[in-house]
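Here's the letter readout for the chains.
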Amino acid sequence: MNTWTITRRILLQFKRDKRSIALMIAAPIFVLTLMWLVLESGEDELKIAAIDVPEAFEEQLAEKEEVNLIPMEESKAKSEMADAGLDAFVLWENGEPSVTIEGSDPNTTSDVRDLLQKALGSESRAMEIEFLHGSEDLGLFDYIGPVLIGFFVFFFVFIVGGVSLLRERTQGTLERILSTPLKRSELVFGYLLGFGLFTIVQSFLIAAYSIYVLDMFMEGRFFYVLLVTFLLAMTALSLGTLLSAFAKNEFQMIQFIPVVIVPQVFFSGLFPLEGMADWLQAIGRVMPLTYGAEALRGIMIRNESFSDFQLELYVLTSFIALFTLLNISALKRHRRI
Amino acid sequence: MNSVVNLQNVSHQIKQKSILSNITFSIPQGEVFGLLGPSGSGKTTLVKLITGLLVPAGGTVYVNGERMPSLEQMKRYGFMAQSDALYQELTGKENLEFFASIYRLSKQRKKQRIKEVLEMVNLVEDSHREVEKYSGGMKRRLSLAAALLHEPELIILDEPTVGIDPVLRQSIWKELNRLKDNGVTIIVTTHVMDEAEKCDRLAMLQDGEIIALNAPKQLKAEIGADTIEDVFLHYGGASK
């Protein structure tokens, strides 16, 4: 089969092109590590001023590690807060607490509010909270992590796959191999297979690194993560190679990023979609990354079984089939048969 | 006579602009057929129509009696495009191995043919270097080698000797003539006049039309010209 000839050539080219290997494996690992460092680095200590508060309350707060409680005069607290030196101050008026929060950083604001609400509500009975999925330690990185794995694999495979078929055209080899008995479908499948073998390795390394080195929250089965990541990579490849038919050069290929890649980030579940207008949600539903990210999040955070995420798998597979057929037909521009 | 390539009233347009009009000729087996014309005259388009990469807007192209494009005929010709269609990251040998595999040569024959064509274009020593390190002339030679790999019975060469030094050019023509003696049909485009003289018959192309077609000697004799260049100027000038 000539498919295998194409596949072998692509793998050989990969072997020679260390830079592309680095882009597809090292770059996602590097960016994921950065994200991890930024999101997981210990929470900032909360600087809270206490003005005439009851001793019991003061003691209770002082016990908490993340709080730096400073007894202070009201006027001084106000001026310090104006310089953003304080996150909040607590004031006791007529036996009732009154809290003022600095408020310029929403994350800090919600941390302070949580903390003080718990402390002030301590007289009522403490609530027992149980988690169906995740745990108390589930951080932002754990929540968006599955989306990030999917996104980076998608992004880098899209670029490298698209550019390699494009280069085949600009350097004349596409015309050259189409002047042989090679079938158009053999060319497209050769690409899918060559990149497919490579993306299995890529998906494995990126997912393993995220889960076992960066300790991303993981409840489900590793094999499922690999399966979804792989399908997402194949979708990116078939879409990238298809769109490369509409680019004249590498620069025009890069121009597809803001049009095709960036919108997928917004709709892929990095931000909650539930509140959006129906027509906005519909946009997300035509984007492959939405399904990949949803499946990955389901597996990693909610330990979903195959039947729970199979719909997403079928959608991704349909995307691959659709893009591949379009691709074979787009090559007709270069040879009728 | 057994004609290998046969064009009937072929014309072609790209975006309403006429590139070729009313081209009719046939090439018998074992002939070296030259296409001479300035750049932009339609040589490459004509070559692409013969290879089946393009389908003519009007008329028909037959290769071995079969209407192009046909995957069956694509096995039987060897094509050297105007651009060096080579994989830059791969070595010369790996490029040839790739093309040989596409033509489904057996392992043994692949090995033997690669050795033969590398010797022919004088690239044996450089065959293990990556193509991106090749000079322009070396790439040209490797492209030619790739076109000859599967011992095609028809060879289509688009400007094969651009950037190749005179000594090697001569040895390439020697090889082409040897192939011709074995019954191989050769179509070669050129804009170099002295190269055109080496062809059995020559079609002069200007603005998408054939302005003259005959053996170089006869073309010169008909109008009493000394050189092919004079012939071209004579017909080219008259058509305006």
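About the criteria used
What you see as residue numbers is a count from 1 along each chain, following the sequence as written. The naming scheme follows written order: chains are lettered A onward, ligands numbered 1 onward. Local features in this predicted model are restricted to residues whose pLDDT is 70 or higher, and side-chain atom pairs enter the listing and the counts only when it is 80 or higher, whereas totals over whole chains, interfaces and linings include all residues. Hydrogens and water molecules were not included; the side-chain quantities draw on all heavy atoms of the structure. For helices, the fitted line uses only the C-alpha atoms of the stretch in contact; every axis is such a line through C-alpha atoms, and the angle between N-to-C directions lies from 0 to 180 degrees. Comment: elements are numbered from the N terminus, with helices defined as DSSP H or I runs of at least four residues and strands as E runs of at least two. Roughly parallel here means an angle under 35 degrees, roughly antiparallel means over 145, roughly perpendicular means 65 to 115, and every remaining angle is called oblique. By the definition used in this description, the sense in which the near helix is turned from the far one sets the handedness, with an anticlockwise turn below a right angle giving left-handed and a clockwise turn giving right-handed. Every residue pair with non-hydrogen atoms within 4.5 Å of one another is taken to be in contact. Note: two strands are recorded as paired if DSSP finds a minimum of 2 bridges between them. Buried area adds together the accessible area that both of two parts lose upon being put together, with accessible area traced by a 1.4 Å probe. Any carboxyl oxygen of Asp or Glu within 4 Å of a side-chain nitrogen of Lys or Arg constitutes a salt bridge here. Think of a polar contact as two N or O atoms within 3.5 Å of one another; within protein, one of them needs to be a possible hydrogen donor and the other a possible acceptor, and neighboring residues in sequence only count if both atoms come from side chains. Under the scheme applied here, ten amino acids are nonpolar (Ala, Val, Leu, Ile, Met, Phe, Trp, Tyr, Cys and Pro), four are charged (Asp, Glu, Lys and Arg), and all others, including Gly, are polar. For every residue, the accessible area obtained with a 1.4 Å probe (protein chains only) is divided by the maximum for its type, and the residue is called buried under 20%, exposed over 50%, and partly exposed between those limits. Positive: Lys, Arg. Negative: Asp, Glu. His and the chain ends are not part of the count. A domain assignment, automatic or from a database, supplies the domain bounds used here. The rule is simple: put a 1 Å grid over the protein atoms alone, call a set of points where a 1.4 Å probe fits but cannot get out a cavity, call an open set with protein on both sides within 12 Å along at least five of seven lines a pocket, and count a residue as lining if it has an atom within 4 Å of a point. Grid points are joined across faces, edges and corners, and a volume is the space filled by probe spheres set on the points. The rule is short: rings of Phe, Tyr and Trp, with Trp giving its six-membered ring, pair when the centres are within 6.5 Å, and they are stacked under 30 degrees, edge-to-face over 60, tilted in between. Lysine NZ or arginine CZ positioned within 6 Å of the ring centre and within 35 degrees of the ring normal marks a charge as sitting over the ring.

(A) Structural view of the packing of helix α3 (residues 92-102) of chain B against helix α4 (residues 107-120) of chain B. Residues and elements named next belong to chain B. At their nearest, the axes of α3 and α4 sit 10 Å apart, and the two run at 130° to each other. Judged by the inter-axis angle, α3 sits oblique to α4. The hand of the α3/α4 crossing is right-handed. Of α4, the residues touching α3 (which contributes Lys-93, Leu-96, Glu-97, Ala-100 and Ser-101) are Lys-110, Ile-114, Val-117 and Leu-118.

(B) Up close: the sheet that holds strand β3 (residues 88-93) of chain A. All names here are of chain A. One open sheet accounts for four strands, arranged β2-β1-β3-β4; its pairing is mixed. The open sheet terminates on both sides in strands that have one partner only, identified here as β2 (67-71) and β4 (96-101). Across the sheet, the mean angle separating the axes of adjacent strands is 25° when strand polarity is ignored. In this structure, strand β1 (residues 46-51) lies alongside β2, joined through five bridges in parallel fashion.

(C) Quick peek at the interface of chain A and chain B. Listed as interface residues are 27 residues of chain A and, on the opposing side, 32 residues of chain B. With both chains or domains summed, chain A and chain B bury close to 2,700 Å², and 62% of this area falls on carbon and sulfur atoms. For chain A, the biggest contributors to the area lost against chain B are A:Arg16, A:Arg176 and A:Pro181; these three give 25% of the whole. Between chain A and chain B we count three salt bridges in total. Across the pair B:Glu89 and A:Arg167 runs a salt bridge, and its minimum N-O distance is 3.1 Å. Inspection of the chain A/chain B interface yields 12 residue pairs in polar contact (both at pLDDT 80 or more). Sorting the residues of the side of chain A that touches chain B by element identifies α1 (2-16), α6 (140-170) and α7 (173-178) of chain A as the ones contributing at least two each. With eight residues, the single largest contributor to the side of chain A that touches chain B is α1(A). Residues belonging to the side of chain A that touches chain B are distributed by class as follows: eight nonpolar, nine polar and 10 charged.

(D) Spotlight on the side chain of B:Lys139. All names here are of chain B. Within the secondary structure, Lys-139 sits in helix α5 (residues 136-148). Among buried Asp, Glu, Lys and Arg side chains, Lys-139 stands out as unpaired, with Asp-84 the closest opposite charge at 6.0 Å. The residues touching Lys-139, leaving out its near neighbours within four places in the chain, are Asp-84, Leu-86, Gln-88, Val-131 and Tyr-134.

(E) Structural detail: the domain arrangement of chain A. For chain A, the assigned domains read domain 1 (2-39 + 136-333) and domain 2 (46-123). Distance from the C-alpha centre of domain 1 of chain A to the C-alpha centre of domain 2 of chain A: 47 Å.

(F) Representation of empty space enclosed by the protein. Counted under the stated rule, the structure contains three cavities of 30 Å³ or more. Quantified by volume, the largest cavity comes out at close to 80 Å³. Its residues assigned to classes, the lining of the largest cavity comprises five nonpolar, four polar and one charged.

(G) Expanded view of the environment of B:Lys43. All names here are of chain B. One can find Lys-43 in helix α1 (residues 43-51). For Lys-43, a relative accessible area of 5% translates into the label buried. As a C-alpha pair, Lys-43 and Asp-200 span 157 residues in sequence and 18 Å in three-dimensional space. Discounting chain neighbours no more than four positions away, the residues touching Lys-43 are Leu-35, Leu-36, Gly-37, Pro-38, Glu-159, Thr-189, Thr-190, His-191 and Leu-205.

(H) A look at the packing of aromatic side chains. Residues and elements named next belong to chain A. Applying the stated criterion across every chain yields a total of 18 aromatic pairs over all chains. Ring geometry for Tyr-212 and Phe-222: centres 5.7 Å apart, planes at 45°, overall tilted. Taken together, the residues Tyr-212 in helix α8 (residues 184-213) and Phe-222 in helix α9 (residues 222-244) connect sequence positions 10 residues apart. Assessed through its relative accessible area of 17%, Phe-222 is described here as buried. Among the aromatic residues, those joined into a ring-pair cluster are Phe-14, Tyr-191, Phe-195 and Phe-198. Across the ring face of Tyr-224, the terminal group of Arg-221 is positioned such that the distance to the ring centre comes to 4.8 Å. The positively charged end of Arg-297 is found above the aromatic ring belonging to Tyr-143, 3.8 Å away from the centroid.

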